[in-house]
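Working through the structure, step by step
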Amino acid sequence: MQVPSRVWLREVGPRDGLQNEPPVPTAGKIELLDALSKTGLSRIEAVSFVHPKAIPQMGDAAQVWAAAAKNPNVTYSALVPNLVGARRAVEAGFTELEVVVSASDTHNRANLNRTTAESLAELGPLVEYVHGQGARCQVIVATSWGCPYEGDIPVEQTVGVARAAVAAGADSLAYGDTTGMATPTRVEDLVGRTREAFPDTSLALHFHNTRGTGLANLLTALWLGVTDFDASVGGLGGCPYAPGASGNIATEEVVHMLADMGVETGVDLDLLLDVAATAERLVGHQVPSQVLRAGPRSRTVPTPANLRPGQ
């Protein structure tokens, strides 16, 4: 089956990866962000501007961004929950923003302390403000395939949230598989229905590997022509308000698989593996990445002496 020759990855480790960990010192966050900026990644989600009481791990977002060595070849973005967060992000200098709304009303209330309808009602003024500041706004629909509280989310429900986002002026859409409930057939269904509804709207996908289907879901989307994906170095990530939401698909695993398929990402895998090791050191525990453990498929080990010819 034909797949695109080029894929664009957005690294979300500095935000999504660290928000589910015990707070990493500001200097460590800057170290991780700067190291990722040197790997060839073209997009990095650097921080989120949420209330420190809600996500204390992101309480130093402005300081991290101010001190980061910004690579001119990288597009950096910030996640925001509402208009207040959008103003903070713009004031910090961001021109690429993502606002998150859950397809699940229960998850939206847990995550943002408001109903999905209330979040959608604010989208219009939020996008208008962002555009007025010369910035762009992507709407991320969380729990697009399922919710830990409500179970499966009907496709019509997710597309309905996306429709409200497009009507509010969103520059692009992203679907988040917040607790890894997507499977290839469900990815095919939702992507297909979304393409029918919004053929001219750019779509990105954000998969978690909670149930081991992350790369299979990405491959399915790739066959459908999707070329924009989120991934997290080391496979870090998760949602504090979604029980069981283990890490995202690991960026190095995505790059490793796509490279062997002949799909260009622009990312240096060796440098990325070094950063994954740095991420592991910073969080203080083993990260889920299998490619970090085993190395690329091209890596070999010395032949045991008793198996060498002539021995």
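The structure we're discussing is the one just above.
Just so you know, these numbers come straight off a predicted model, no measurement behind them.

Counted by the stated rule, this structure contains 16 salt bridges. The partner of Arg 109 in a salt bridge is Asp 105, and the shortest N-O contact between them spans 3.1 Å. Taken together, the residues span about one helical turn, with Arg 109 and Asp 105 both in helix H5 (residues 105-112) at a distance of 4 residues. Through salt bridges that share partners, Arg 10, Glu 98 and Asp 230 make up one connected network.

Here the focus is the sheet that holds strand E4 (residues 96-102). Adjacent strands of a sheet pair through backbone hydrogen bonds, lying either parallel or antiparallel. The strand order around the closed barrel built from 8 strands is E1-E2-E3-E4-E5-E8-E9-E10, with neighbouring strands paired in parallel fashion. Going across the sheet, the axis of each strand differs from the next one's by a mean of 30 degrees, ignoring polarity. Two elements, strand E9 (residues 202-207) and strand E10 (residues 228-231), share 2 bridges in a ladder whose sense is parallel. Considered in E10, the bridge of Leu 205 is made with Phe 229. Strand contacts of helix H4 (residues 83-92): strand E3 (75-80) and E4, with the helix running at about 155 degrees to E3, the strand carrying the most contacts. Across the sheet, helix H8 (residues 184-197) lies against strand E8 (172-177) and E9, angled at about 160 degrees from E9, the strand it touches most.

The next subject is the pairing of E10. Neither face of E10 is left uncovered, since the one carrying Asp 228 and Asp 230 and the one carrying Phe 229 and Ala 231 both have all their residues buried. Between E9 and its parallel partner E10, the chain crosses via helix H9 (residues 214-223), and the hand of that crossover is right-handed.

In this structure, Phe 94, Tyr 175, Leu 205, Phe 207 and Phe 229 are the most contacted members of the largest nonpolar core, which totals 89 residues. The leading source of residues in this core is helix H11 (residues 269-283), at 8 residues. If we skip the residues at most four places from it in the chain, Phe 207 touches Trp 145, Asp 177, Ala 182, Val 187, Gly 214, Asn 217, Leu 218, Phe 229, Asn 248 and Ile 249. Among the nonpolar cores identified, the runner-up in size contains 6 residues, and Leu 79, Val 100, Ala 142 and Ala 204 belong to it.

Our focus in this paragraph is the packing of aromatic side chains. Describing an aromatic ring pair means giving the distance of the ring centres and the angle of the ring planes. The final tally for this structure, using the stated rule, is 5 aromatic pairs. Both rings, one in Trp 145 and one in Phe 207, keep their centres 5.6 Å apart while their planes meet at 35 degrees; by these two values the pair is tilted. In this pair, Trp 145 sits in the loop between strand E5 (136-142) and strand E6 (146-147) while Phe 207 sits in strand E9, placing the two residues 62 residues apart along the sequence. Judged by relative accessible area, Phe 207 falls into the buried class, the value being 0%. Arg 6 extends its terminal NZ or CZ atom over the ring of Trp 8, reaching a point 4.9 Å from the ring centre. The ring centre of Tyr 129 lies 5.5 Å from the NZ or CZ of Arg 87, which sits over that ring.

With 6 of 7 residues buried, E5 lies mostly within the body of the structure. Bridge analysis of E4 against E5 gives 7 bridges, and the strand direction is parallel. From the neighbouring strand, Val 100 faces E5, where its bridge partner is Ile 140. In this structure, E5 lies alongside E8, joined through 4 bridges in parallel fashion. Within the sheet, the bridge partner assigned to Gln 138 lies in E8 and is Ser 172.

Basis of the calculations
Residues numbered from 1 in each chain as written. Predicted model: local features only at pLDDT ≥ 70, side-chain atom pairs only at ≥ 80, totals over all residues. Heavy atoms only, no water. Salt bridge = Lys/Arg side-chain N within 4 Å of Asp/Glu carboxyl O. Helix = DSSP H or I, 4+ residues; strand = E, 2+ residues; numbered from the N terminus. Pairing = 2+ DSSP bridges. Axes fitted to C-alpha atoms, helices over the stretch in contact; angles between N-to-C directions. Contact = heavy atoms within 4.5 Å. Buried < 20%, exposed > 50% of the residue type's maximum accessible area, 1.4 Å probe, protein only. Right-handed = clockwise from strand over helix to strand, strands pointing away. Core = buried A, V, L, I, M, F, W, Y, C linked by side-chain atoms within 4.5 Å. Phe/Tyr/Trp six-rings, centres within 6.5 Å; stacked < 30°, edge-to-face > 60°. Lys NZ or Arg CZ within 6 Å of the ring centre and 35° of its normal.

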